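Here is how the chains run, residue by residue.
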Amino acid sequence: MSLKDKYKELTDLASNLGVADLQVREQDNVLYVDGTAKSADDKEKLWAAYGKIDPDFRSADVVMNIEVSEGASTEYTVVGGDSLSKIGKAHGVSWQTIYEANKDIIKNPDIIQPGWKLKIPTA
């Protein structure tokens, strides 16, 4: 069985998650998986899939170089009359996404104040 066959579930998951610039190559009995995941959560899903195939990571036959493209966001300054829902709708993201990205500033998602600078993750 080739390594590509052994780790087909892993590489299929990478494709399904939309890993950008996905490259899978086998060289010297090692499978190299390179690319950029959309989020740290997606990267963790890939590691979990690998762990399911090789639970103790003892085979040492896979090298995963997965970067994360997170951090793409814009800054928005809250104005009077704003709500997280209103801001989210204008930027194409949920209010929960904005709240999660700004928990250091927002203690209660129902209360935001004019002048706050919020990170708005890109959709």
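The coordinates are above.
Keep in mind the model is a prediction, meaning the values are calculated, not measured.

S.K.: In this structure, what is going on with the overall build of the chain? I would like to understand it.
M.R.: Counting its secondary structure elements, the chain contains five helices and five strands. Its C-alpha radius of gyration of 20 Å places the chain more than 25% over the 14 Å reference for a compact globule of 123 residues. Viewed in the frame of its principal axes, the chain has a C-alpha envelope of about 60 × 25 × 15 Å. Within the span of the chain, comprising 123 residues, buried residues form 31% of the whole. In the chain, the share of contacts with a sequence separation of at least 24, taken over all contacts with a separation of at least 6, comes to 59%. Looking at the chain as shown, the accessible area adds up to about 7,600 Å², and 48% of this sits on carbon and sulfur atoms.

S.K.: Sorry, what's going on with helix α3 (residues 40–53) here?
M.R.: Three- or four-residue spacings in an α-helix give side chains the same orientation, since the helix completes a turn every 3.6 residues. Compared with an ideal rise of 1.5 Å per residue, which puts 14 residues at 20 Å, α3 spans 20 Å between its outermost C-alpha atoms and is within 8% of the ideal. Three or more residues of α3 are buried, namely Asp42, Leu46, Ala49, Tyr50 and Gly51. Against the buried residues of α3 lie α2 (8–16), β2 (30–37) and β3 (62–68).

Rules used throughout
Residues numbered from 1 in each chain as written. Predicted model: local features only at pLDDT ≥ 70, side-chain atom pairs only at ≥ 80, totals over all residues. Heavy atoms only, no water. Helix = DSSP H or I, 4+ residues; strand = E, 2+ residues; numbered from the N terminus. Rg over C-alpha atoms; globule rule 2.2 N^0.38 Å. Buried < 20%, exposed > 50% of the residue type's maximum accessible area, 1.4 Å probe, protein only. Contact = heavy atoms within 4.5 Å. Areas by Shrake-Rupley, 256 points an atom, 1.4 Å probe, with all protein chains shown as cover. Expected span 1.5 Å × (residues − 1).

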